[in-house]
Amino acid sequence: MAKKRTKSKPASTKKGFSFKLSKQNKIILGSLLVLLSIALFFSFTSFYFSWQADQSLLTEFADRNEQANNLLNKFGASVSHFFMYRGFGIASFIFPILLCLTGLYMFLNLDKKGLLGKWIWGLVFVIWISIAMGFFAYELPLLGGLVGFEMNDFLQDYMGKIGVLLLLVFGLIVILVRLFKFSPEGIAAFFKRKSESLATEFKNGGSEEILMDTDKELPIVVDTYTHKEDIPPLVTEEDNTENKKTETTTKVAVKEDTIEMEVEKITEEKEEKDILSEKLVADFGEFDPTLELANYKFPHLDLLDPHGNSGGITINQEELEENKNKIVETLKNYKIGIGQIKATIGPTVTLYEIVPVAGVRISKIKNLEDDIALSLAALGIRIIAPIPGKGTIGIEVPNKNPSVVSMRSVIASSKFQKAEMELPIAFGKTISNETFVVDLAKMPHLLMAGATGQGKSVGLNAVLTSLLYKKHPAEVKFILVDPKKVELTLYNKIERHYLAKLPDSEEAIITDNTKVIHTLNSLCIEMDNRYEVLKLAMVRNIKEYNVKFKARKLNPNDGHKFLPYIVLVIDEFADLIMSAGKEVETPIARLAQLARAIGIHLVIATQRPSVNVITGLIKANFPARLAFRVTSKIDSRTILDTQGADQLIGRGDMLFTQGNDITRLQCAFVDTPEVAKITEFIGSQRAYPEAHLLPEYVGEDSGTGIDYDIADRDAMFREAAEVIVNAQQGSASLIQRKLKLGYNRAGRIIDQLEAAGIVGPFEGSKARQVLVSDIYALDQLLSNEIK
């Protein structure tokens, strides 16, 4: 029986699945990827400027009435939130680059060989940068994203910080060697080439300089010889070269001797100054800046009221047990087991620390904030998950009978009395009933915000009272700005002790917006002057400068003097921003950026913490923030960059941050009569002849009697003149309102009207006198000018 032969199918007939795009489809898909990469780039970039405002819209994607601030609206906000916040942070910018490369490969129909390698190395870069950002910028999770933060946290649990750092270094070495072909030989050759190049340049430059000096200093001498034996021998070129070498060596030696002599001279002068300063200290002692008011007495504690129980806390055991049971029961209803719970009792809030059983997600407890508040029937429930530095979750519950924290109790505390700080401030007490004291000099500026009636003015008084109880009038000066004209007027009594003002000001407390602008610019001049004396004294900050001055190492004849700290307090910042805008914001931003080292510190308070008041420029330079209760989560994010201030209970309940952890405090209460007694006590003592004077500042709109040329008048001069004459009221604000002009332009027009004889001179807070009675008289005046 013959074998049955089976026909084998040709290989060409075996069909497998293959995905191949036509050229047209490649162009379409490539252009789509390129455009998508551009969209991602703009949405990622916009995320860093709009993420706070768009945070609340992430759950409202389907609502067409809501609009996001991201450049790509809600799509951009959602995508950038996913990649930048929940993903890899700043490393996510690599994804648009990879998408753009892929799109270009398709659009131009290039060979895709090597594209896969680019994606692999791109993803390696993304992971490495994300972990590195999570490690080096731990306090800024937006840079590393949630992935970088969590991976860094996970790795540190097993390897520690040093282990993670070594792992990052190893990853960097792998990237440099495999991707950029780095090698020890290549690095050594690079540095060798650079060193040889520098050596050649140095050698050429040095010899050229010496030859130039030789040419200048060797005159040509022509001599006459009468005898043959006096004729000098013939000098060859080689001999000339040798002579030049000898002369050059001599010149270099002379130069070195001169430099050594100069150095020795400077050293001797320095030693003489040190000997002189030591002799002065030995004869007279160190300079004492408080000597002029040597008999000054600090305010005593009896000026402050105890306010009830003097800071003591009454423990209500029934309330604690009831709240504990309700928390456990509420969590049990959602199948969350509790392993342990303990309570820390504060003046106004009790912190319940819970340890959940294994396997419970923290986010699950965090999401039950409203349910726990409902079960406890309490306002201001705040969950801290987890508590920094502890393996517990915190639930803050307001006490039914809160205790008042008196200013007397925090001033009398040993923590404040023994504080070795430049500008100590006792804000109040923490949840654990500890006195909270911080150094304003290290903040270095404080931004304070909160809704009306929540304790903001009391917080300002606490700042000022702390400094009055700790610092001598010679050591600190205050500049007080009070647009409301009623909050800080009590401090007028200590004008010649503690306050600073402009030379031409009658009152030290500033209430006029124009004076505020002049004062801020005057402070900028003071800042520049102080930096100049620090440079001459060869020190880096005010503390080193004053130590050197006290040791009598700086001569007052050279312009040196003891520098007091200057604290600028602005009570209602929103009013200034609305009326003056950039004229206020720009000098404040400059002071906030530069004034720390020379002892000028800012304390700014506002009751409207909106983004147009607390701008990005202001926030970037105020790392220390103090938030009283606000009305919305958006306001809380504006102040603290996180929610929480909207959940406070008011009446001095506040959150404080210095750029890292957030601390809940109860502000120390100091009443108006107490402030009046303190200022009365200080004001009754011997004072300086006048308040501390700031440098004089002449603003653009401060000059009166300037002779403006008619051709240089503003285009709306005539309209403004008619407005002023009709209203018979000469003020820049009237021109602003009627003609819708800016503050600067209205001020210039007022000066032009004064120069034209239409309004009278500046009279402080009063409106200028109108010198023209009616429109007919105005027409006559202006027509006479033209003739």
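Residues numbered from 1 in each chain as written. Predicted model: local features only at pLDDT ≥ 70, side-chain atom pairs only at ≥ 80, totals over all residues. Heavy atoms only, no water.

1. Section: the pairing of strand β10 (residues 565-570)
Quick note on the threshold: The cut-offs for exposure are 20% and 50% of the maximum accessible area for each residue type, with area from a 1.4 Å probe on protein chains only; residues under the lower value are buried, those over the upper are exposed, and the others partly exposed. The way it works is that DSSP assigns letters per residue, a run of H or I at least four long becomes a helix, a run of E at least two long becomes a strand, and they are numbered from the N terminus. Should DSSP find at least two bridges between two strands, the strands are taken to pair.
Burial runs high along β10: 6 of the 6 residues are buried. Along β10, one buried face is formed by Tyr 565, Val 567 and Val 569 and the opposite face, lined by Ile 566, Leu 568 and Ile 570, is buried too. With 6 bridges joining them, strand β8 (residues 476-481) and β10 adopt parallel strand pairing. Opposite Ile 479, over in β10, you have Leu 568 as the bridge partner. Here β10 pairs with strand β11 (residues 600-606) via 5 bridges, running parallel. Each bridged residue has a counterpart across the sheet, and for Val 567 the counterpart in β11 is His 601.

2. Observations concerning a nonpolar patch on the surface
Worth spelling out the cut-off: Patch membership requires more than 30% relative accessible area and the absence of a salt bridge. Residues of like charge join within 9 Å; the nonpolar side chains Val, Leu, Ile, Met, Phe, Trp and Tyr join within 5 Å. With residues, only the protein chains shown are counted as cover, and all accessible areas are computed by Shrake-Rupley using a 1.4 Å probe. Salt bridges, as used here, are contacts in which a Lys or Arg side-chain nitrogen is within 4 Å of a carboxyl oxygen on Asp or Glu.
A grouping of Phe 136, Leu 165, Val 169, Ile 173, Val 177, Leu 179, Phe 180, Phe 182, Ile 187, Phe 190 and Phe 191 is seen on the molecular surface, where their side chains present a nonpolar patch of about 1000 Å² in accessible area. Among the elements of the structure, α5 (141-180) and α6 (184-217) are those that each provide at least two residues to the nonpolar patch. Looking at the nonpolar patch element by element, the count peaks at 6 residues for α5.

3. A word on helix α20 (residues 633-640)
A large share of α20 lies buried, amounting to 6 of its 8 residues. Every buried residue belonging to α20 is among Asp 635, Ser 636, Arg 637, Thr 638, Ile 639 and Leu 640, and all of these are buried. Count one or two residues on from α20 and you reach Asp 641, which has phi positive near 65°.

4. Thoughts on the pattern of salt bridges
Counting across every chain of the model gives 26 salt bridges. Across the salt bridge formed by Arg 408 and Asp 302, the nearest N and O atoms sit 3.7 Å from each other. You can see Arg 408 sitting in helix α11 (residues 407-412) and its partner Asp 302 sitting in the loop between α7 (237-284) and α8 (317-333), a full 106 residues away along the chain. The salt bridge involving Glu 495 is made with Lys 501; its shortest N-O contact spans 3.1 Å. For the pair shown, Glu 495 and Lys 501 are each scored as buried. Taken together, the salt bridges that share partners define one network made up of Arg 382, Glu 396, Asp 653 and Arg 664.

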